[in-house]
Amino acid sequence: MNGVRHILSVLPLIAALCFLHSLNAADWPMFRGQPNLTGFSEENIPDKPQLLWSYKTAGPVKSSAAIVQGTVYIGSDDGFLHCLNLKTGRTNWLFKTEGPIESSPLVLSNQLFFGSTDGYLYALNATDGSLLWKYKTEDKILSSPNFYRPEAGGLWIIVGGYDYKLHCVEAGTGKGVWTYETGNYINGTPVIDEGQTIFGGCDALLHVIGLAKGEKLKEIDAGAYIAGSGAYSDGKIYIGHYENEFLCFDIAAGKILWKFRDRNFPYFSSPALTRDKVVFGGRDKRLHCLDRETGRELWAFATRGKVDSSPVICGEKIVVGSEDGRLYLVSLKDGSEIWSYEIGQPLTSSPAVSHGTVVIGSEDGNVYAFGQKESK
């Protein structure tokens, strides 16, 4: 009977993943690539990527890109959602909001979802950028949206806000389904897996919410406020907090399994996972790699600036930005530097990877694409 209940509980997730796999396998349709936010790509990045193009916006770019069917979608502090051609970097269309856009877009079924600091969650037609609907919250949205397919059908968009609430909204209509109120800002993106959503907040709690009704399943004390997003796999979530610790939680047991503490610097970067490793950046100017089971540090890679950018693992390589103005390619095996490119201004945006191309924004106002140039 327990097995039957488990199968029923994961059916919505299976449907969601089937939809993602119906896209081109090389697509990157959302922040961290997939609903459990593991930051893993099967794409191959060349050892020495070349700058393919750069695209200028009118403000710093802290949003991370979604890339679907050869199209890049990314927000900017100039208040525009920019839609670009992945191959050329040319503009397809622009959509204006009334505030900076740090939220990273989600693209599903030719719909595009993202939040803005103007307090709205937007849904656009992904082909032409026309507005489908907008949903009003009571404060700004920095969180990136995630999605859930309920057993009854349809599609729900899940996003956190600075109004202390997690919002569940019908994708087709923009109608609110439920809200869940916490004790402080929700800055990170909620993980979705196994019929539940898991996220940390500035109330220093890890929240576990049932998606069907928006009800509390668990609250686990994290010890300090959580500004970033977690990554979920095998019943465990990995996430850092502001008081200089990186944590592994067992969700079923409702407890912390291990803590990692190096130096007295907070963690804003969201982790990337492999079967046995977890990789994340820190404000200690390092990229850390730990054993997932024990929390033991395997290696650390030093940059010259804070690493709020969230790494992406591509096979045996890791790509990540740093506030030292460089984009790095690092060996997953031993943390050695494979390649770096100096942009010159801080990179707090996180990489998106599609079709062998890395796309990342910079606080210099540009979006950059790196990969292998086609031979003439």
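Along each chain, residues carry numbers from 1 onward, in the same order as the chain's sequence is written. Reporting of local features is limited, given that this is a predicted model, to residues whose pLDDT is at least 70; pairs of side-chain atoms are given and counted only at 80 or more, and all residues count toward the totals for whole chains, interfaces and linings. Computation of side-chain values covers all heavy atoms of the structure but excludes hydrogens and water.

**Some remarks on the overall build of the protein**
Right, so step 1: Secondary structure assignment for the protein yields one helix and 33 strands.
Right, so step 2: Against the 2.2 N^0.38 benchmark of 21 Å for 376 residues, the protein shows a C-alpha radius of gyration of 19 Å, consistent with a compact globule.
Right, so step 3: When its C-alpha atoms are laid out on the principal axes, the protein stretches across 60 × 50 × 35 Å.
Right, so step 4: We call two residues in contact when some of their heavy atoms are within 4.5 Å. Put simply, of all contacts in the protein between residues at least 6 apart along the chain, 47% involve residues at least 24 apart.
Right, so step 5: Surface summary for the protein: the accessible area is close to 14,500 Å², and the carbon and sulfur share equals 46%.
Right, so step 6: For the purpose of counting charges, residues Lys and Arg are taken to be positive, whereas Asp and Glu are taken to be negative. His and the chain ends are not included. Charge placement uses NZ in Lys and CZ in Arg. For Asp and Glu, CG and CD serve respectively. Charge-centre separation for the protein: the mean point of 36 positive side chains lies 2 Å from the mean point of 42 negative side chains. Elements are defined by DSSP. Helices are runs of H or I of four residues or more, strands are runs of E of two residues or more, and each kind is numbered from the N terminus. What the globule rule says is 2.2 Å times the number of residues to the power 0.38, and the radius of gyration is computed from C-alpha atoms. For accessible areas, the Shrake-Rupley method is used with a probe of radius 1.4 Å. Any residue's cover is judged against the shown protein chains and nothing else.

**Describing the sheet that holds strand S8 (residues 111–115)**
Right, so step 1: Strand pairing is assigned whenever DSSP detects at least two bridges linking the two strands. Taking strand neighbours across the sheet as the criterion, the four strands line up as S7-S8-S9-S10 in an open arrangement whose pairing is antiparallel. Edge strands, defined here as strands with exactly one partner in the open sheet, are strand S7 (106–108) and strand S10 (131–136). Direction aside, the axes of adjacent strands within the sheet are offset by 15° on average. Orientation is described by axes fitted as lines to C-alpha atoms, over the contacting stretch for helices, and by angles from 0 to 180 degrees between their N-to-C directions.

**A short note on the sheet that holds strand S21 (residues 246–250)**
Right, so step 1: With antiparallel pairing, four strands are arranged side by side in an open sheet as S19-S20-S21-S22. The strands lining the two open edges of the sheet, one partner per strand, are strand S19 (231–233) and strand S22 (255–260). Between one strand and the next, the sheet's axes are offset by a mean angle of 20°, whatever the strand orientation.
Right, so step 2: As defined by bridge partners, S21 adjoins S22 across five bridges and the pair is classed as antiparallel. Within S22, the position partnered with Leu247 by the bridge is Lys259.

**A short note on the nonpolar core**
Right, so step 1: If you look at the biggest cluster of nonpolar residues, it comprises 29 residues, and the most contacted ones within it are Phe113, Leu121, Ile198, Ile237, Phe249 and Ile251.
Right, so step 2: At the level of elements, S7, strand S9 (120–125), S10, strand S12 (156–160), strand S17 (205–210), strand S20 (236–240) and S21 are the ones that each hand at least two residues to this core.
Right, so step 3: Every residue in contact with Ile237, bar those within four places of it in the chain, is listed here: Val191, Ile198, Leu206, Gly230, Ala231, Tyr232, Leu247, Cys248, Phe249 and Ile251.
Right, so step 4: Grouped together as the second largest cluster of nonpolar side chains are 28 residues, Trp28, Tyr55, Val312 and Val319 included. Working definition of a nonpolar core: buried Ala, Val, Leu, Ile, Met, Phe, Trp, Tyr and Cys residues. They are joined through side-chain atoms within 4.5 Å. Using a 1.4 Å probe on the protein chains alone, a residue whose accessible area is under 20% of its type maximum counts as buried, one over 50% counts as exposed, and one in between counts as partly exposed.

**Observations regarding the pairing of strand S29 (residues 326–331)**
Right, so step 1: With six of six residues buried, S29 lies mostly within the body of the structure.
Right, so step 2: Residues Arg326, Tyr328 and Val330 line one face of S29 and the alternating positions Leu327, Leu329 and Ser331 line the opposite face, and both faces are buried.
Right, so step 3: Following strand S28 (residues 317–321), the chain reverses through four residues before pairing antiparallel with S29; Gly325 in that reversal takes a positive phi of roughly 85°.
Right, so step 4: Sheet topology places S29 next to strand S30 (residues 337–342); five bridges connect them, and they run antiparallel. Bridge pairing links Leu329 to Trp339 in S30.
Right, so step 5: What sits between S29 and S30 in their antiparallel hairpin is a turn of five residues, with Gly335 showing a positive phi close to 75°.

**What to know about unusual backbone geometry**
Across residues other than glycine, the phi torsion is negative in most instances, and most of the peptide bonds are trans.
Right, so step 1: For Arg32, which is not glycine, the phi dihedral falls at a positive 70°.
Right, so step 2: Summarising the element assignment, Arg32 is placed in the loop between helix H1 (2–22) and strand S1 (40–41).
Right, so step 3: By relative accessible area, Arg32 is classed as buried at 1%.
Right, so step 4: One non-glycine residue, His355, lies in the positive phi region at around 50°.

**Observations concerning the environment of Phe370**
Right, so step 1: Counting through the fold element by element, Phe370 comes out in strand S33 (residues 366–371).
Right, so step 2: Look at Phe370 and you get buried, because its relative accessible area is 1%.
Right, so step 3: Discounting chain neighbours no more than four positions away, the residues touching Phe370 are Pro49, Gln50, Leu51, Leu52, Leu327, Trp339, Tyr341, Ile343, Gly356, Thr357 and Val358.

**Here's the deal with the confidence of the model for the protein**
Right, so step 1: The predicted model of the protein averages 93 in pLDDT, with 93% of residues at 70 or higher.
Right, so step 2: Predictor confidence is given residue by residue as pLDDT, running from a minimum of 0 to a maximum of 100. Segment residues 1–22 is flagged for pLDDT under 50; beyond a separation of four residues in sequence, or across chains, it makes 22 contacts in the model.

**Notes on the packing of aromatic side chains**
Right, so step 1: Only the six-membered ring of Trp is used, alongside the rings of Phe and Tyr, when aromatic pairs are assigned; centres must lie within 6.5 Å, and planes under 30 degrees apart are stacked while those over 60 apart are edge-to-face, with the rest tilted. Within this structure, the stated rule accounts for 22 aromatic pairs.
Right, so step 2: A ring pair is formed by Phe95 and Tyr122, whose centres lie 5.5 Å apart and whose planes are at 70°; its orientation type is edge-to-face. One end of the pair, Phe95, is in strand S6 (residues 91–96); the other, Tyr122, is in strand S9, with 27 residues separating them in the sequence. Summarising the burial analysis for this pair, Phe95 and Tyr122 share the class buried.
Right, so step 3: Judged by its relative accessible area of 3%, Tyr122 falls in the buried class.

**With respect to the pairing of strand S4 (residues 71–75)**
Right, so step 1: Of all five residues in S4, five are buried; the element is thus mostly enclosed.
Right, so step 2: Residues of S4 alternate between two faces, with Thr71, Tyr73 and Gly75 on one and Val72 and Ile74 on the opposite face, all of them buried.
Right, so step 3: Relative to S4, strand S3 (residues 66–68) runs antiparallel, the two being bridged by three bridges. Considered in S4, the bridge of Ile67 is made with Val72.
Right, so step 4: A loop of two residues connects S3 with S4, the two strands running antiparallel in sequence, and Gln69 in this loop sits at a positive phi of about 50°.

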